[in-house]
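Each chain, written out:
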Amino acid sequence: MSNTAMVKGPKVHPHSVWLYWGVFLALILLTVLTVAITRHDFGKFNIVVAILIASLKAALVAGFFMHLVFDNKFLAVVLSTSLVLLALFIIFPIADFATRADLDSVETNFLPRDQRVYKYELDHPDALPLRPGLQEAQRDKLIFMGPGEH
Amino acid sequence: MANVNDSALFPLADHYAKPEQQVESGKLGMWLFLTTEILLFGGLFVSYACFNYLHMDIFKQAHQYLDWRLGAVNTVVLLFSSLTVVLSIHAAQQQRKAYVIINLVLTIACAIAFLVVKYFEYSQKFQAGLLPGVYFTNGTISNPDEAHVFFGIYFLMTGLHGFHVLIGVAIFVWLLLRTIKGDFSSQYYAPLELGGLYWHLVDVIWIFLFPLLYLIS
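Fair warning: this is a prediction, and the values are worked out from it, not measured in the lab.

Rules used throughout
Counting of residues starts from 1 at the beginning of each chain's written sequence and follows it residue by residue. For this description, chains carry letters from A and ligands carry numbers from 1, given in the order in which they are written. Local features are withheld for residues below a pLDDT of 70 in this predicted model, meaning they are given only at 70 or higher, and side-chain atom pairs are given and counted only at 80 or more; totals for whole chains, interfaces and linings count all residues. Starting at the N terminus, helices and strands are each numbered in turn, a helix being any DSSP run of H or I of at least four residues and a strand any DSSP run of E of at least two. Any residue whose C-beta has 12 or fewer other C-beta atoms within 10 Å is treated as exposed, any with 20 or more as buried, and any in between as partly exposed, C-beta atoms being built from the backbone. Note that contacts rest on C-beta atoms placed from the backbone: two residues are in contact if these are within 7 Å. Only Asp, Glu, Lys and Arg are considered charged in this grouping, and only Ala, Val, Leu, Ile, Met, Phe, Trp, Tyr, Cys and Pro are considered nonpolar; every other residue, Gly among them, is considered polar. Strands qualify as paired when DSSP identifies two bridges or more between them. Known as pLDDT, the predictor's confidence for each residue is given on a scale from 0 to 100. For helices, the fitted axis covers only the stretch in contact; all axes are lines through C-alpha atoms, and the angles between them, taken along N-to-C directions, range from 0 to 180 degrees. The labels follow the angle: roughly parallel below 35 degrees, roughly antiparallel above 145, roughly perpendicular from 65 to 115, and oblique for the rest. For any helix crossing, the convention is left-handed if the near helix is rotated counterclockwise from the far helix by under a right angle, and right-handed if that rotation is clockwise. As used here, a nonpolar core is made of buried Ala, Val, Leu, Ile, Met, Phe, Trp, Tyr and Cys residues. They are joined through C-beta atoms within 7 Å.

**Examining the overall build of chain B**
Next up, step 1: Looking only at helices and strands, one finds 7 helices and 1 strand in chain B.
Next up, step 2: Secondary structure elements in chain B, listed N-terminal to C-terminal, are α-β-α-α-α-α-α-α.
Next up, step 3: The dimensions of chain B, computed from C-alpha atoms along their principal axes, are 70 × 30 × 25 Å.
Next up, step 4: Relative to its 217 residues, chain B shows a buried fraction of 42%.

Written as structure tokens, this is what we have:
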């Protein structure tokens, strides 16, 4: 514990109380709006609209209740670092999932010729007798399989 | 009133040059902590995003087992408690101790009300067997083999958030006791501001949890 000395503090200029009540009212209205909108089905856009409204509410809380608008702007920079990182954390896995099937199909199309023959034989087990060792190779994942087959 | 504001009421720690520096340092430290909090919840938001992307049908179906009315009530309760926090700081700036105390008591009451609603929600889920992983025993849902994923995320996110609300109650009880003791003045109320920053972040996280868990279809 450090020693303290009583000194004269910084001069404070309180904001009007109506600013805070106004922000609160806006937050309540946006909550009602979120519920009203998501009770209707906008399909895929439901989640987009819900996140947009939630972000607006979060911005109101951070800007006025947490005083980011009035405080040293460096605090806003500190906050944005975590938001940028969070955006990266979410965007990269989703981008991965969203494009994975495409990559698989590209790789399937560019399979080496002999593997394509193997694949044909696996897809049509009745057409030809399976090559010796092919089932073992498939089991051991030595042969690349197309989407939905592994 | 004027002579109160002119007197020396700010406890300046001896490693700071000026009161302004002490206040700014405290805020910076709190914001740094809040960024780590955002990243802590961030991991859960990432898992939400991934599982929602991979199993949209499960999320669409399972979220109907949550009562959006209770979620909406809790949203309003938390928003109001954020308002009472800023009003308590506003009252402290004007040296109105009674208003500070009233607003802090209202904040604590809202936090406890939030937890009580959460308790009823949780006990209803426990009884219905809507639980994560192997504990999922609900028979009415059409895909019980996968629906537990949603409830795993639901309990992790709301559980971690509820834990933060519980910590918030402890912080505001401490701030209330210090206010009653007369530690704060129109010149010095930094602990109220920092506790408020924490509480607003808890509110912001709920602002995202409410639509993502209760309203998504």
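Read on, since the account is not over.
**With respect to the overall build of chain A**
Next up, step 1: On a plain count of helices and strands, chain A comes out with 5 helices and 1 strand.
Next up, step 2: Start at the N end of chain A and walk to the C end: the helices and strands fall as β-α-α-α-α-α.
Next up, step 3: Intrachain contacts of chain A at a sequence separation of at least 6 include 45% that bridge at least 24 residues.

**Some details on unusual backbone geometry**
Next up, step 1: Phi is positive for H67 of chain A, close to 65°, though the residue is something other than glycine.
Next up, step 2: Within the secondary structure, H67 of chain A sits in the loop between α2 (45-65) and α3 (73-109).
Next up, step 3: Although it is not a glycine, Q95 of chain B sits at a positive phi angle of roughly 60°.
Next up, step 4: Within the element layout of this structure, Q95 of chain B appears in the loop between α4 (68-93) and α5 (97-128).
Next up, step 5: On the neighbour-count criterion, Q95 of chain B (17 C-beta atoms within 10 Å) is partly exposed.

**Considering the interface of chain B and chain A**
Next up, step 1: Listed per partner, the contact involves 51 residues of chain B and 45 residues of chain A.
Next up, step 2: Broken down by class, the residue content of the side of chain B that touches chain A amounts to 34 nonpolar, 12 polar and 5 charged.
Next up, step 3: Sheet topology note: the strand β1 (residues 4-7) of chain A/strand β1 (residues 10-13) of chain B ladder contains 4 bridges and is antiparallel. Bridged to M6 of chain A within β1 of chain B is P11 of chain B.

**A look at the confidence of the model for chain A**
Next up, step 1: Across chain A, the average pLDDT comes to 79, with 64% of residues at 70 or higher.
Next up, step 2: Per-element averaging of pLDDT across chain A places helix α5 (residues 134-139) of chain A at the bottom with 60 and helix α1 (residues 17-39) of chain A at the top with 93.

**Some points on the packing of helix α6 (residues 144-181) of chain B against helix α7 (residues 190-215) of chain B**
Residue and element names in this part refer to chain B.
Next up, step 1: Across the interface, α6 lies against α7 with an axial gap of 10 Å and an inter-helix angle of 155°. Here α6 lies roughly antiparallel to α7, going by the angle between them. Both α6 and α7 take part in a crossing whose hand is left-handed. The residues of α7 that touch α6, namely those facing Y154, M157, T158, H161, H164, V165, G168, I171, F172, L175 and R178, are P191, L192, G195, Y198, W199, V202, I205, W206, L209 and L213.
Next up, step 2: Grouping the amino acids of the contact of α6 with α7 by side-chain chemistry returns 15 nonpolar, 5 polar and 1 charged.

**A closer look at the environment of G195 of chain B**
All names here are of chain B.
Next up, step 1: Within the secondary structure, G195 is located in helix α7.
Next up, step 2: Looking at G195, the number of C-beta atoms within 10 Å reads 22, which means it is buried.
Next up, step 3: When residues no more than four places from it in sequence are discounted, the contact partners of G195 are I171, F172 and L175.

**Side note on the nonpolar core**
Residues and elements named next belong to chain B.
Next up, step 1: Counting 78 residues, the largest nonpolar core has F150, I205, L209 and L213 as the members making the most contacts within it.
Next up, step 2: Here the element with the most residues in this core is α7; it accounts for 18 residues.
Next up, step 3: Look past the residues within four positions of L213 in its chain and what remains in contact with it is H63, L66, Y154 and M157.

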